[in-house]
Amino acid sequence: MQMPRIGFTRRPQWRTCHLPWMDLNFPDCCPQGLRGWHKTKFQSRRPSLDPGHFIYVGNTEEMACLPSPNQLRGKIIIHAPRAKWGDLANICQAVPFPPRALDKNPEIGKWFEASSLSEHQLNRLLKSSTIDKLMGNGRIAEMSQKRKMREITANRLIRYYPGGQRQLSGNFNPIPGMNAGCQIAAMNIQTKCSDLAIYESRFIHAGNCGYALKPEFLLDQTAPRISPKRIVIKVISGRNLPQTGKRIHTYVNIRVQGEKEDKTEKATRKVNDDGRNPKWEEELRFDVRVPELGFLLFQVKRSQYFGLKRACIASYAVPVVNLVNGPCSIPLHDENLVPLDKTYLLIQVTISDSSSA
């Protein structure tokens, strides 16, 4: 059964998120009244707070599909096995991902079931086999795997999380999973990096509500798409950049993330001055074939010792579909993704249909 237009969700910031998601594999993220529930059944250990006020409870037998985000506003959705949690686990019942699901009917399973995959499991599902690569069909096989995964995620929820080797809480690239239609990426939010900045930008530009709609073609692959775009970015200057008190080489690096064919990276020339208000006045061109899935990552970097030492001093990520024609002042964030006070990157954006894409 076809689900409503499911989007991407992230872990909640409890004061601002209208569509929170509580994963019971990580009990520390639960509200105080719920901690400890994951150890016992609800009937044997009730919290002092009435769960009906903030936990979504629904009968899946009387429902045909997921409720709308507006119906879930202000509610907590419990992702847990129904056998242990009873009626509290309803529209997001945790079940194992079916083995060899991509080789079977993509509509396998039920709309209220949710599965979790590690980043390695997901990568293996999306990659082509060694035999396909040896026969020269690797690219075609990968596209087929991605198409099947999108059909599965159009009918059920998929969450993916960091692999077990990330002992230091490093983050993974969330874009392949998002491009395959997976709804939830369990990022390590304590580790600030460019991958987290790109993932957060999906929600910042959706009103910071913790929910963003998928592109229509991730649900219906026959749906129309935005035409390929050519994006010309004129990097004009920086304003109030952090200073070191020394003359230093400063430049802007712009990276396009998204589908494999769109990945590219370009940089401006280096300017040698005090680094506070550098001027570049340089144009960079990018061809983006799938704008709906693309991101632009702006990084202001400094270079020392003939380029042997490089550091990113400010950055900002934005989805390609949120770019508009004309002059733009980009607010920059520091290495901890905290907005810098009155620090901007001035650019001029020109977007047109790309004939070469």
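Everything quoted here is computed from the prediction, not taken from an experiment.

Chemist: I keep staring at the overall build of the protein chain and nothing clicks. Help me out?
Modeler: What the protein chain contains, in helices and strands, is six helices and 17 strands. Taking all 357 residues of the protein chain together, the buried fraction comes to 48%. The long-range share in the protein chain, meaning contacts at least 24 apart out of those at least 6 apart in sequence, stands at 66%. Per element, the accessible surface of the protein chain, about 18100 Å² overall, is 51% carbon and sulfur.

Chemist: Is there a simple way to think about the pairing of strand S6 (residues 157-161) in this case?
Modeler: Along any regular strand the residues' side chains alternate between the sheet's two faces. Most of S6 is tucked away: four of the five residues are buried. With five bridges connecting them, strand S5 (residues 113-118) and S6 associate as parallel partners. Looking at the pairing, Ser118 lines up with Tyr161 of S6. Pairing geometry for S6 and strand S7 (residues 184-185), over two bridges, is parallel. Within the sheet, the bridge partner assigned to Arg159 lies in S7 and is Ile184.

Chemist: Just checking my understanding: could you explain the packing of aromatic side chains for this structure?
Modeler: Describing an aromatic ring pair means giving the distance of the ring centres and the angle of the ring planes. In the structure shown here, the tally under the stated rule is three aromatic pairs. Aromatic pair Trp111 and Phe112: ring centres 5.3 Å apart, planes at 85°, arrangement edge-to-face. The burial state of Trp111 is the same as that of Phe112; both residues are buried. Aromatic pair Tyr160 and Phe172: ring centres 5.6 Å apart, planes at 65°, arrangement edge-to-face.

Chemist: Sorry, what's going on with the layout of surface pockets here?
Modeler: Take a probe with the size of a water molecule and roll it over the atoms, and the empty space left behind shows itself. Here the second largest pocket is characterised by a volume of approximately 500 Å³. Residue lining of the second largest pocket: 20 residues in total, with Arg139, Glu142, Lys146, Glu259 and Lys260 positioned closest to the centre. The set of elements that each furnish at least two residues to the lining of the second largest pocket consists of helix H2 (119-126), helix H4 (138-153) and helix H5 (175-179). The element contributing the most residues to the lining of the second largest pocket is H4, with six residues. Considered class by class, the residues forming the lining of the second largest pocket number four nonpolar, four polar and twelve charged.

Chemist: What exactly am I supposed to notice about the environment of Gln190 here?
Modeler: With respect to the helices, strands and loops of the structure, Gln190 is situated in the loop between S7 and helix H6 (194-204). It is 9.1 Å that separates the C-alpha atoms of Gln190 and Gly170, two residues lying 20 residues apart in sequence. For Gln190, the side chain forms a polar contact with the side chain of Ser169, separated by 3.1 Å.

Chemist: I would appreciate a short explanation of H4 in the present structure.
Modeler: Spacing of three or four residues puts side chains on the same side of an α-helix, whose turn is 3.6 residues. Taking 1.5 Å as the rise per residue, H4 with 16 residues should run 22 Å; its terminal C-alpha atoms sit 23 Å apart, in good agreement. Among all positions in H4, only Gly138, Ala141, Glu142, Gln145, Met149, Arg150, Ile152 and Thr153 are buried.

Chemist: Where do I start with the nonpolar core in this structure?
Modeler: Across soluble globular proteins, nonpolar side chains show a tendency to be buried alongside one another. Residues Ile233, Ile254, Leu296, Phe298, Val300, Leu332 and Leu345 are the most contacted members of the largest nonpolar core, which totals 27 residues. Listing elements by their share of this core, those giving two or more residues are strand S9 (229-239), strand S10 (248-257), strand S13 (279-288), strand S14 (295-304), strand S15 (309-319), strand S16 (326-333) and strand S17 (339-353). Ile233 has contacts with Ile254, Glu282, Glu283, Leu284, Phe286, Leu296, Phe298, Ile347 and Gln348, leaving out every residue within four places of it along the chain. Grouped together as the second largest cluster of nonpolar side chains are 24 residues, Leu126, Tyr160, Ile198 and Phe295 included.

Chemist: What am I meant to see in the confidence of the model for the protein chain here?
Modeler: The predicted coordinates of low-pLDDT regions are not to be read in fine detail. For the protein chain, the average pLDDT comes to 81, and 79% of its residues sit at 70 or higher. Segment residues 1-5: pLDDT under 50, and 21 contacts once partners within four positions in sequence are set aside and those in other chains are kept. Counting interchain partners and residues more than four positions distant, the pLDDT-below-50 stretch residues 12-48 has 73 contacts.

Chemist: Please explain the pattern of salt bridges as it appears in this structure.
Modeler: Opposite charge on two side chains allows them to pair when their charged atoms are near. Counted according to the given criterion, the structure contains twelve salt bridges. Put simply, Glu113 and Arg156 hold a salt bridge, and the shortest N to O gap is 3.9 Å. You can see Glu113 sitting in strand S5 and its partner Arg156 sitting in the loop between H4 and S6, a full 43 residues away along the chain. Each of the two residues, Glu113 as well as Arg156, counts as buried. One continuous salt-bridge network, built from bridges that share partners, spans Lys146, Arg150 and Glu259.

The rules we used
Residues numbered from 1 in each chain as written. Predicted model: local features only at pLDDT ≥ 70, side-chain atom pairs only at ≥ 80, totals over all residues. Heavy atoms only, no water. Helix = DSSP H or I, 4+ residues; strand = E, 2+ residues; numbered from the N terminus. Buried < 20%, exposed > 50% of the residue type's maximum accessible area, 1.4 Å probe, protein only. Contact = heavy atoms within 4.5 Å. Areas by Shrake-Rupley, 256 points an atom, 1.4 Å probe, with all protein chains shown as cover. Pairing = 2+ DSSP bridges. Phe/Tyr/Trp six-rings, centres within 6.5 Å; stacked < 30°, edge-to-face > 60°. 1 Å grid on protein atoms, 1.4 Å probe; cavity = no way out; pocket = protein on both sides within 12 Å on 5 of 7 lines; lining within 4 Å. Points joined across faces, edges and corners; volume = space filled by probe spheres on them. Nonpolar A, V, L, I, M, F, W, Y, C, P; charged D, E, K, R; others polar. Polar contact = N/O pair within 3.5 Å; in protein donor to acceptor, adjacent residues only side chain to side chain. Expected span 1.5 Å × (residues − 1). Core = buried A, V, L, I, M, F, W, Y, C linked by side-chain atoms within 4.5 Å. pLDDT = per-residue confidence, 0-100. Salt bridge = Lys/Arg side-chain N within 4 Å of Asp/Glu carboxyl O.

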